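So the chains spell out like this:
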Amino acid sequence: MAMLTSSKILTSLGAQAPALGALQLRASSWWSEVQMGPPDPILGVTEAFKRDTNPKKMNLGVGAYRDDQGKPYVLSCVRKAEAQIAAKKMDKEYLPIGGLADFSKACAQLALGHDNEVLKSGRSITVQTISGTGSLRVGANFLSRFHNAALDVYLPKPSWGNHTPIFRDAGIQLKAYTYYDPKTCGFDFKGALDDISKIPDKSLILLHACAHNPTGVDPKPEQWKEMAALIKKRNLLVFFDMAYQGFASGDIDRDAWSVRYFIEQGHNIILSQSFAKNMGLYGERVGGFTVVCKDAEEAKRVESQLKILIRPIYSNPPMNGARIASTILNTPELYKEWLEEVKGMASRIIRMREMLVSNLKNEGSTHNWQHVIDQIGMFCFTGLKPEQVERLNKEFSIYMTKDGRISVAGVTSGNVGYLAHSIHAVTK
Amino acid sequence: MSIFGEVPLAAPVAVFKLTADFREDQSPNKVNLGVGAYRTDECQPWVLPVVKKVEKIIVEDHSLNHEYLPILGLPEFRSSASKIALGADSPAISENRVGAVQCLGGTGALKIGAEFLRRWYNGIDNTKTPVYVSAPTWENHNAVFSNAGFEDIRPYKYWDGEKRGLDLAGLLDDLESAPEHSIFVLHACAHNPTGTDPTQDQWKQIADIMKRKNLFAFFDSAYQGFASGNLDQDAWAIRYFVSHGFELFCAQSFSKNFGLYNERVGNLTVVAKDQDKLNHVLSQMEKIVRITWSNPPSQGARLVAITLNSPELFAEWKDNVKTMADRVLLMRAQLKEKLKSLGTPGTWEHITEQIGMFSFTGLNPKQVEYMIKEKHIFLMASGRINMCGLTSKNIDYVAESIHETVTRIQ
């Protein structure tokens, strides 16, 4: 087929441009040496799921919220915000490079709390970004360019799969600190402290603010406190990734507690926020990147450099999602409604966790499934081994990533029984 | 001691600073001829009627949601956008060797293309591969390519300041002497900032040399439809290259021709020798996208896809585009007439010979400064004006001001 195509081109070229000898027309392509990129493991799960014809199939791969009918959920406050925006008939002029100011301001307030001293003193800068990924990317580029010490980034083990390639592409070395304990399916607090105590001065440590992805394992407040003190002692720069504020416990203040605590303790943090999950604005790409600086003057300098970084990537960010988020955050009735809806989503997830465990018990499973309830947020590290995951794929049409991670959002009251039955079958 | 203690204050991006200065200016006569965005004759932004229609369709369709798009973007957007550039009947499309990546505006498309080329174009490390951009060019081209890791970004001769037109001999000369495999960023139409495009015959000469010297064509198409008012005419150069067997990239922007500036709607069209190569290229672009923005924004792409895929809406859109292009052509004609009737020193034919949103007036930096400070008319230091900033109400004032400036300041 390829050869046929080439010769067709050669013939037509020969007819149209007699001056160009056939020999000079490259039969080869510029792209002959381009390797086929490996398929994205998470998307691969979805592809396999789509092909499966089993009516009981379950997609527990991608991290997007589903309602109890297994359908995508557009928040009511989002629809209302959209209607309000449509009625205003606004223009479509370019946003500033740093994005919609009303959005950035509200985004920072949401994370830090309205009364935060940082916001009052103007010593932070928040720019609108292309959701969480875009925020991390801008952050990685900024650190690579301006961090005035040799920069290694320490990620928790494990971390979101995309963290590593993002930082690496910005020229940053990746290292890890112990985090997940596979024996308990919980937090290896001692292991984490041990590793953190050895991280060199001025390195960067990445922390998941809440609802750790992929494990769902979060430190308790007392543990966060010890980590904050140790990190301060080690003089590390803290980069918080907060993609699930509100989505974890259902309470936005509780979910942001770690971020606020660290700031209170004197850490000038860097923060990535996403509104993909907590506002269901996945495809609108709404996020923020914040740098807490020493003072307002430094914040101004940092802001100017962030703009220089952003301009050659995408010039300025998209309006639609930021406008929706800003409308919700800045309109009291909509904000109130949003808080309720976020709580609703988080509560459904928590309920599914509880139902899964009680169903497993009813199936007769003798394993300890407490971690399913102890973990928080969209994801659950089940502790299932790769062979068991494969059996779930092949025998039960249940799809998840090989590490045993399930997206609890894909569980409904209608299919939790089947899920428990299947997990029990492969683990008994 | 802050880790950011030594972060210097960066200079603001010139074109945005100009608008900021314009906003602060108190003069009732002020005119903004800076940023490249369309304005109506009332000097207002214009949301295209077809866009308003489709936005309404989208917001009222509750079957639509906000789920993630695929990494490469909305399929119906990508394919219809590529058809706009290459023509629906393009043999390359029917041969299944055309693909695309939905990107964040034209900038995003250039970015993904540049990142891909640096990694995969000619061997796996193209940091030293020369990238040629026109002299002058859109100010962000340099930054896009250098941030993608290219270390050798060079100008190719383009604008002849004396004759106020294309320096064809210089351009062809630079093509001839470029190292093999060099990358050339070509403006598909309505060159930014000069408004000066090669003729069809000149494009043929350019293509000849590029083919012979194995130079890579990376088209930047930000004004299709906006230049002549006709989509096909504005895409002639791209289609010529494709029909002559070039593998190429085309970074398309829908900011201007759809007026969707802030929704960041762009498309990187990829033309490869065959489908297999195309798939390899797209698979690697997917990896680049994933570590840059993961997946693109949904709203603008949805809007464009709905429009392009509906015969009535598509016709309405073409009409809206022609409205914009026609107003620009009218302002060009009128500005030239007024300058001539004022007897303004110099030649002003270039005002109507140039095409698209911008005109390189030929005003020098001192004259530009005078225009801004004394006449409160804001334009870029290069002498570039945005024709869309001209209206029936301010065109006399602008013409008189240019006249005054050129007579007083040399």
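Residues numbered from 1 in each chain as written. Chains lettered and ligands numbered in written order. Predicted model: local features only at pLDDT ≥ 70, side-chain atom pairs only at ≥ 80, totals over all residues. Heavy atoms only, no water.

A. Spatial organisation of the overall build of chain A. Within chain A one finds 17 helices and 13 strands. Each principal axis of the C-alpha distribution contributes one length, and for chain A these read about 80 × 60 × 55 Å. Entry remark: accessible area of chain A is about 17300 Å², with carbon and sulfur atoms responsible for 54%. (Helix = DSSP H or I, 4+ residues; strand = E, 2+ residues; numbered from the N terminus. Areas by Shrake-Rupley, 256 points an atom, 1.4 Å probe, with all protein chains shown as cover.)

B. A look at the interface of chain B and chain A. On the chain A side, the residues contacting the 85 residues of chain B number 84 residues. Of all residues in chain B, B:Phe4, B:His66 and B:Asn262 bury the most surface against chain A, accounting for 11% of the area lost on that side. Across the contact surface, chain B and chain A share 6 salt bridges. The closest approach of N and O atoms between A:Asp169 and B:Arg119, which form a salt bridge, is 2.5 Å. (Contact = heavy atoms within 4.5 Å. Buried area = accessible area lost by both parts, 1.4 Å probe. Salt bridge = Lys/Arg side-chain N within 4 Å of Asp/Glu carboxyl O.)

C. Focus on the sheet that holds strand S7 (residues 183-187) of chain B. Residue and element names in this part refer to chain B. Taken in spatial order, the 7 strands of this open sheet run S2-S10-S9-S8-S7-S3-S4, and their pairing is mixed. A strand with exactly one partner marks an edge of an open sheet, and here the two such strands are strand S2 (98-104) and strand S4 (153-157). When the angles between neighbouring strand axes are averaged without regard to direction, this sheet yields 25°. The strands touched by helix H10 (residues 236-243) within the sheet are S7, strand S8 (216-221), strand S9 (248-253) and strand S10 (265-271), with S8 carrying the most contacts at an inclination of about 155°. (Pairing = 2+ DSSP bridges. Axes fitted to C-alpha atoms, helices over the stretch in contact; angles between N-to-C directions.)

D. Quick peek at the domain arrangement of chain A. Residue and element names in this part refer to chain A. Its domain assignment divides chain A into domain 1 (41-73 + 347-426) and domain 2 (94-330). Using C-alpha coordinates to define each centre, domain 1 is positioned 29 Å away from domain 2. Counting residues at the interface gives 16 residues for domain 1, matched by 17 residues for domain 2. For the pair domain 1 and domain 2, the summed buried surface comes to about 1300 Å²; carbon and sulfur atoms form 67% of the total. If you sort the residues of domain 1 by the area they bury against domain 2, Ile-376, Phe-379 and Phe-381 come out on top, with a joint share of 42%. Applying the counting criterion to the domain 1 and domain 2 interface returns 0 salt bridges. On the surface where domain 1 and domain 2 come into contact, there are 4 residue pairs in polar contact (both at pLDDT 80 or more). Among the secondary structure elements, those contributing two or more residues to the side of domain 1 that touches domain 2 are helix H14 (332-363) and strand S11 (379-381). At 3 residues, the largest contribution of residues to the side of domain 1 that touches domain 2 is made by S11. A breakdown of the residues in the side of domain 1 that touches domain 2 according to their chemical character gives 9 nonpolar, 6 polar and 1 charged. (Domains from an automatic or database assignment. Polar contact = N/O pair within 3.5 Å; in protein donor to acceptor, adjacent residues only side chain to side chain. Nonpolar A, V, L, I, M, F, W, Y, C, P; charged D, E, K, R; others polar.)

E. How the structure looks around the sheet that holds strand S4 (residues 173-178) of chain A. Residue and element names in this part refer to chain A. In space, the 7 strands of this open sheet follow the order S2-S10-S9-S8-S7-S3-S4, with mixed pairing throughout. The sheet is open, and its two edges are formed by strand S2 (124-130) and S4, each paired on a single side. Adjacent strand axes in the sheet meet at a mean angle of 25° when their direction is disregarded. Strand direction decides the pairing type here: strand S3 (residues 152-157) and S4, joined by 6 bridges, are parallel. Its bridge partner being in S4, Tyr-154 is matched across the sheet by Lys-175. Packing of helix H6 (residues 131-146) onto the sheet brings it into contact with S2, strand S7 (204-208), strand S8 (237-242), strand S9 (270-274) and strand S10 (286-292), and relative to S9 it is tilted by some 160°.

F. A look at the packing of aromatic side chains. This structure, assessed with the given rule, holds 45 aromatic pairs over all chains. With a centroid separation of 5.0 Å and an interplanar angle of 90°, the aromatic rings of A:Tyr180 and A:Phe381 are classed as edge-to-face. Taken together, the residues span a long stretch of sequence, with A:Tyr180 in strand S5 (residues 180-181) and A:Phe381 in strand S11 at a distance of 201 residues. Of the two residues examined, A:Tyr180 and A:Phe381, each falls in the buried class. Relative to B:Phe184, the ring of B:Tyr132 lies with its centre 4.4 Å away and its plane at 5°, an arrangement referred to as stacked. Pair noted here: B:Tyr132 is in strand S3 (residues 131-135) and B:Phe184 is in strand S7, with a separation of 52 residues, a long-range link. Each of the two residues, B:Tyr132 as well as B:Phe184, counts as buried. Clustering of aromatic rings is evident, with ring pairs tying together B:Phe116, B:Tyr121, B:Phe145, B:Phe150, B:Phe216, B:Phe218 and B:Phe249. Against the face of B:Phe246 rests B:Lys211, its NZ or CZ located 5.2 Å from the ring centre. (Phe/Tyr/Trp six-rings, centres within 6.5 Å; stacked < 30°, edge-to-face > 60°. Buried < 20%, exposed > 50% of the residue type's maximum accessible area, 1.4 Å probe, protein only. Lys NZ or Arg CZ within 6 Å of the ring centre and 35° of its normal.)

G. Main features of the side chain of A:Arg137. Along the chain, the position of A:Arg137 falls in helix H6. Note on A:Arg137: relative accessible area 8%, which makes it buried. From its side chain, A:Arg137 meets the backbone oxygen of B:Ile291 in a polar contact 3.1 Å long.

H. Representation of the domain arrangement of chain B in the model. Residue and element names in this part refer to chain B. Split into domains, chain B comes out as domain 1 (14-47 + 326-408) and domain 2 (68-309). The centre of domain 1, based on its C-alpha atoms, is set 29 Å off from the matching centre of domain 2. Counting the surface domain 1 buries against domain 2, the share from its top three residues, Ile-355, Phe-358 and Phe-360, is 38%. Summed over the shared surface of domain 1 and domain 2, the number is 0 salt bridges. In this assembly, domain 1 and domain 2 are joined by 5 residue pairs in polar contact (both at pLDDT 80 or more). Counting only elements with at least two residues in the side of domain 1 that touches domain 2, the list comes to helix H13 (311-342) and strand S11 (358-360). For the side of domain 1 that touches domain 2, the element with the highest residue contribution is S11, accounting for 3 residues. For the side of domain 1 that touches domain 2, the class distribution of residues is 10 nonpolar, 8 polar and 1 charged.

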